[in-house]
Amino acid sequence: MDRREQIQMKERLAGAIKQCMKTTAIEKITVQQIVEVCGTTRQTFYRYFQDKYDLINRYFEMLLLESFAQMGKGATIYEGLVKKFRFIKQEQEFFKKAFKLDEQNCLKEYDFHLILQFYTDRIRERTGKPLEEDMQFLLEMYCQGSIYMTVKWVMEGMKASPEELSGHLIGAVPEKLARLFKTLGLIEN
């Protein structure tokens with residue numbers, strides 16, 4: 001199977017779990033159900049994913065990387081967040097169910113690690129050095145708060161628009177971290 005076919009299979013499996021989630025709680029979905037909806041085998045599933053939670057996380061990773069890709073190329077964090085939240089809003093049924101889980105490989109923890117890594121990488125790329133300990137602390141605290149507010153937004157019915165939520169999250173960046181983000185061009189002055 002070439003790379004393109006592998007990507008297509010992963011997308012088909014992601015589509016299958018999304019389909020299963022429409023009628024079944026995540027904790028009750030089985031790998032067998034996923035492969036039946038997808039029209040493939042358990043062997044194929046396990047070639048790409050450890051378990052259903054790994055599939056959910058990989059699906060989320062694709063969305064996150066897509067929405068944040070522009071931030072490293074001149075777009076701001078605000079623009080990346082708006083894209084992310086628009087996508088989440090389009091897929092709200094998936095995210096509402098996925099964010100309920102606090103089990104192994106849970107999406108909240110996975111989101112935290114991806115976002116933290118994204119910000120850490122942008123800072124290192126633009127400064128040429130690792131974060132100082134106090135900035136690392138602020139960044140981790142901000143990322144945890146950002147995830148918490150994202151989950152709350154999803155679970156409470158997404159009353160704020162993606163633009164409003166993004167604005168609130170940018171406004172909540174700790175002052176010292178905000179100065180660094182502004183210096184690096186990640187948020188507007």
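Here's a quick rundown of the structure. (Residues numbered from 1 in each chain as written. Predicted model: local features only at pLDDT ≥ 70, side-chain atom pairs only at ≥ 80, totals over all residues. Heavy atoms only, no water.)

**Overview of the overall build of the protein chain**
This is how the line gets drawn: Secondary structure is summarised from DSSP: a helix means a run of H or I of at least four residues, a strand means a run of E of at least two, and numbering begins at the N terminus for each. The globule rule used for comparison is 2.2 Å times the number of residues to the exponent 0.38, while the radius of gyration itself is calculated over C-alpha atoms. Per-residue accessibility, obtained with a 1.4 Å probe over protein chains only, is compared with the maximum for each type, and a residue is labelled buried under 20%, exposed over 50%, and partly exposed between these values. The contact criterion used is simple: two residues touch if any of their non-hydrogen atoms lie within 4.5 Å. Working definition of accessibility: Shrake-Rupley area with a 1.4 Å probe, residue cover restricted to the visible protein chains. A residue counts as positive if it is Lys or Arg and as negative if it is Asp or Glu; His and the chain ends are not included. In plain terms, the charge of a residue is placed at NZ if it is Lys, CZ if Arg, CG if Asp and CD if Glu.
Broken down by element type, the protein chain carries 10 helices and zero strands. In terms of overall size, the protein chain behaves like a compact globule, its C-alpha atoms giving a radius of gyration of 18 Å where 189 residues would be expected to give roughly 16 Å. Counting only C-alpha atoms and orienting by the principal axes, one finds that the protein chain spans roughly 50 × 40 × 25 Å. In the protein chain, which comprises 189 residues, the share counted as buried stands at 47%. Pairs at least 24 residues apart make up 69% of the contacts formed inside the protein chain by residues separated by at least 6 positions. Accessible surface, the protein chain: about 10300 Å² in total, of which carbon and sulfur atoms supply 49%. In the protein chain, 29 positive and 27 negative side-chain charges are present, and the distance between their average locations comes to 3 Å.

**Quick word on the packing of aromatic side chains**
Worth spelling out the cut-off: Two rings from Phe, Tyr or Trp (for Trp, the six-membered ring) form a pair when their centres sit within 6.5 Å of each other. Planes less than 30 degrees apart are called stacked, planes more than 60 degrees apart edge-to-face, and all others tilted.
Summed over all chains, the structure comprises nine aromatic pairs. On the basis of an interplanar angle of 80 degrees and a centroid distance of 6.4 Å, the ring pair of Phe87 and Phe95 is categorised as edge-to-face. Phe95 shares its class with Phe87; the two are buried. Through a chain of ring-to-ring contacts, three or more aromatic side chains come together here, namely Phe45, Tyr46, Tyr48 and Phe49.

**A word on helix H8 (residues 133-155)**
Heads up, the condition is: Each helix should span, by expectation, one fewer than its residue count multiplied by 1.5 Å.
Helix length check: H8, at 23 residues, gives a terminal C-alpha distance of 33 Å against a target of 33 Å (1.5 Å per residue), a fit within 8%. Turning to H8, its buried residues number three or more, namely Met135, Leu138, Leu139, Tyr142, Cys143, Ser146, Ile147, Thr150, Val151, Trp153 and Val154. In this structure, the buried side of H8 is in contact with helix H5 (77-90), helix H6 (92-100), helix H7 (107-127), helix H9 (162-171) and helix H10 (175-183).

**A few points about the pattern of salt bridges**
Heads up, the condition is: Each salt bridge in this description consists of a side-chain nitrogen of Lys or Arg and a carboxyl oxygen of Asp or Glu lying within 4 Å of one another.
Applying the stated rule across the entire model yields six salt bridges. When the shortest N-O distance is used, the salt bridge between Glu163 and Arg86 registers 2.4 Å. Of this pair, Glu163 sits in helix H9 while Arg86 sits in helix H5; the two residues are 77 residues apart in sequence, bridging distant segments of the chain. Since its relative accessible area comes to 29%, Glu163 is described here as partly exposed.

**Examining the packing of H8 against H10**
Selection rule: Think of each axis as a best-fit line through the C-alpha atoms, taken over the contacting stretch in the case of a helix, with angles from 0 to 180 degrees between the N-to-C directions. Our angle categories are set so that under 35 degrees counts as roughly parallel, over 145 as roughly antiparallel, 65 to 115 as roughly perpendicular, and the remainder as oblique. Each residue gets one label: Ala, Val, Leu, Ile, Met, Phe, Trp, Tyr, Cys and Pro are nonpolar, Asp, Glu, Lys and Arg are charged, and the others, such as Gly, are polar.
Across the interface, H8 lies against H10 with an axial gap of 9 Å and an inter-helix angle of 100 degrees. When the interaxial angle is binned, H8 and H10 end up roughly perpendicular. Together, Asp134, Met135, Leu138, Leu139 and Tyr142 of H8 and Lys176, Leu177, Leu180 and Phe181 of H10 make up the contact between the two elements. A class-by-class count of the residues in the contact of H8 with H10 yields seven nonpolar, no polar and two charged.

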